[in-house]
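A closer look at the structure
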Amino acid sequence: MSVFKELDFDGHEQIVFCSDDSVGLRAIIAIHNTHRGPSLGGCRMWGYASEGAALQDVLRLSRGMTYKAAMAGIELGGGKSVIIGDPTRLKTPALMQAMGRAVDRLSGRYIIAEDVGTNVSDMGEIKKSTRHVVGLGQADGGAGDPSPTTARGCYVGLRAAVEHTFKTADLRGARVAIQGLGNVGWHLCQYLKEAGAELVVSDIRASKAERAVAEFDAKAVTTDEIYEADVDVFAPCALGAILNDETIPRLKAKVIAGAANNQLAKPQHADALTDRDILYAPDYIINAAGLIRVDSERRGFDPHWVNQKVDEISNTLKEVFAVAESNSVSTAVAAEQLATARLGRTGTQQ
Ligand code: NAD
């Protein structure tokens, strides 16, 4: 196995494999780039099919964090961590404290937060072993769950993308499909419903979709049907790689704007979307609001600054759409060009 030649390796500064048999910890911390500041990124806990799949996921996610921080104009680098294992069966306070010790050994080069499979109370456990943790509850001196802020950023970005495509940001009567009704997807539904949109929803947990039908008058579809939903906007808010060879030809939406990280299965899928005249809001720009919030938390929480920064997501996306049009490239390539310029790097990673 050659890690260094992997496309996803992309010049990572440091990759740390951590284990603690006494609590069943098997984890990987990936630090992609610290040129702009210490790396910060969530900790995902997931029952990966293989260690290779976990490594690929953490590499892709940490690289995305570098670009996310750069495009949000935040003085942070990119990093991420994964704990291998099903959180519903294997997560314990002792395991999270062991993860905290692994983070602490990096002396602040990596700052941990929550992601899929971890939450605010897990960060409280991690805090018992390290001070390099954000996304803490108020009782632990933090600003609480960043997910509602991420949802607001997605809403702001979704409106910018809708305005670009349909020449109006008015969402009354707009049809939006939301894939995944978790911490972000649910709050995004609330914003969209309030703005007068009609919702189509799907979640692997049927009870969540049923709740959305009751609360938002949404139409629930299966996890497969969501790709073909007759909607204007598709908002991926579950896991990554859902824009691929199989799904892109089926999409009816003209705008993709959602919170999930790494939505494109491969870089070339950005071109496949452009070919179908579908506007893609690059994931690491539209979902940056949670990062903006935890960055503020670590420096002394300032909700006014957070709100301003989150509103800037709209202008950043508009800049990306304009560069894509004038350079005749996909929005993903345009975003990468802007991000690499901010990072002072040359060339693209396509
Ligand atoms: P979450 O775990 O709370 O929610 C994910 C939801 O998706 C769950 O309800 C799950 O049942 C559902 N789901 C999983 N697979 C699905 C599928 N195939 N079809 C439909 N539903 C499916 O996670 P979250 O915090 O809401 O984050 C959602 C996405 O946004 C993730 O990709 C995460 O990395 C990304 N993100 C989150 C934040 C944040 O602040 N929480 C910030 C940036 C990016």
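It should be emphasised that the depicted structure is a prediction, and the values quoted were computed from it without experimental measurement. (Residues numbered from 1 in each chain as written. Predicted model: local features only at pLDDT ≥ 70, side-chain atom pairs only at ≥ 80, totals over all residues. Heavy atoms only, no water.)

1. Things to note about the pattern of salt bridges
Within the structure shown, the criterion is met by 24 salt bridges. Between D295 and R298 there is a salt bridge whose closest N-O contact spans 2.9 Å. In this pair, D295 and R298 both sit in helix α10 (residues 289-299), three residues apart, roughly one turn of the helix. Owing to a relative accessible area of 34%, R298 belongs among the partly exposed residues under this scheme. (Salt bridge = Lys/Arg side-chain N within 4 Å of Asp/Glu carboxyl O. Helix = DSSP H or I, 4+ residues; strand = E, 2+ residues; numbered from the N terminus. Buried < 20%, exposed > 50% of the residue type's maximum accessible area, 1.4 Å probe, protein only.)

2. Let's talk about the packing of aromatic side chains
Throughout the structure, instances matching the rule amount to five aromatic pairs. Residues W186 and F216 carry aromatic rings whose centres are separated by 4.8 Å and whose planes lie at 50° to one another, so their mutual orientation is tilted. Taken together, the residues W186 in helix α6 (residues 183-194) and F216 in helix α7 (residues 206-216) connect sequence positions 30 residues apart. Across the pair, F216 and W186 agree in class, each one buried. The side chain of R211 reaches across the aromatic face of W186, ending 4.1 Å from its centre. A cation over a ring is seen here: R299 above W305, with NZ or CZ 4.7 Å from the ring centre. (Phe/Tyr/Trp six-rings, centres within 6.5 Å; stacked < 30°, edge-to-face > 60°. Lys NZ or Arg CZ within 6 Å of the ring centre and 35° of its normal.)

3. Considering unusual backbone geometry
Unusually for a residue other than glycine, N262 sits at a positive phi of about 55°. Within the secondary structure, N262 sits in the loop between β10 (255-256) and α8 (269-275). Of note in this structure, S328 is not a glycine but carries a positive phi near 50°. In this fold, S328 is placed in the loop between α11 (303-327) and α12 (331-343). Residue classification places S328 among the exposed residues on the basis of a relative accessible area of 67%.

4. Considering the domain arrangement of the chain
Taken domain by domain, the chain comprises domain 1 (3-66 + 77-135) and domain 2 (147-288 + 317-342). Using only C-alpha atoms to locate each centre, domain 1 and domain 2 end up separated by 26 Å. Taken residue by residue, the interface counts 10 residues in domain 1 and eight residues in domain 2. Roughly 740 Å² is buried in total at the junction of domain 1 and domain 2, and carbon and sulfur atoms are behind 45% of that figure. For the pair domain 1 and domain 2, the number of links is one salt bridge. Salt-bridge contacts for R63 lead to E336; the nearest nitrogen and oxygen are separated by 3.1 Å. Our enumeration of links across domain 1 and domain 2 arrives at two residue pairs in polar contact (both at pLDDT 80 or more). Of all the secondary-structure elements, those providing two or more residues to the side of domain 1 that touches domain 2 are β3 (39-46) and α1 (51-72). At four residues, the largest contribution of residues to the side of domain 1 that touches domain 2 is made by α1. Its residues placed into classes, the side of domain 1 that touches domain 2 shows three nonpolar, one polar and six charged. (Domains from an automatic or database assignment. Contact = heavy atoms within 4.5 Å. Buried area = accessible area lost by both parts, 1.4 Å probe. Polar contact = N/O pair within 3.5 Å; in protein donor to acceptor, adjacent residues only side chain to side chain. Nonpolar A, V, L, I, M, F, W, Y, C, P; charged D, E, K, R; others polar.)

5. Considerations on α1
Between its first and last C-alpha, α1 extends 31 Å over 22 residues, near the 32 Å set by a 1.5 Å rise per residue. The element α1 is extensively covered by neighbouring structure, given that 16 of its 22 residues are classed as buried. Downstream of α1 by one or two residues, G73 has phi in the positive range, about 70°. (Expected span 1.5 Å × (residues − 1).)

6. Remarks on the environment of F9
As for its placement among the helices and strands, F9 is situated in the segment before β1 (14-20). For the pair F9 and A30, spaced 21 residues apart in sequence, the C-alpha separation works out to 9.8 Å. The contacts of F9, once residues within four sequence positions are left out, are V3, F4, I15 and L59.

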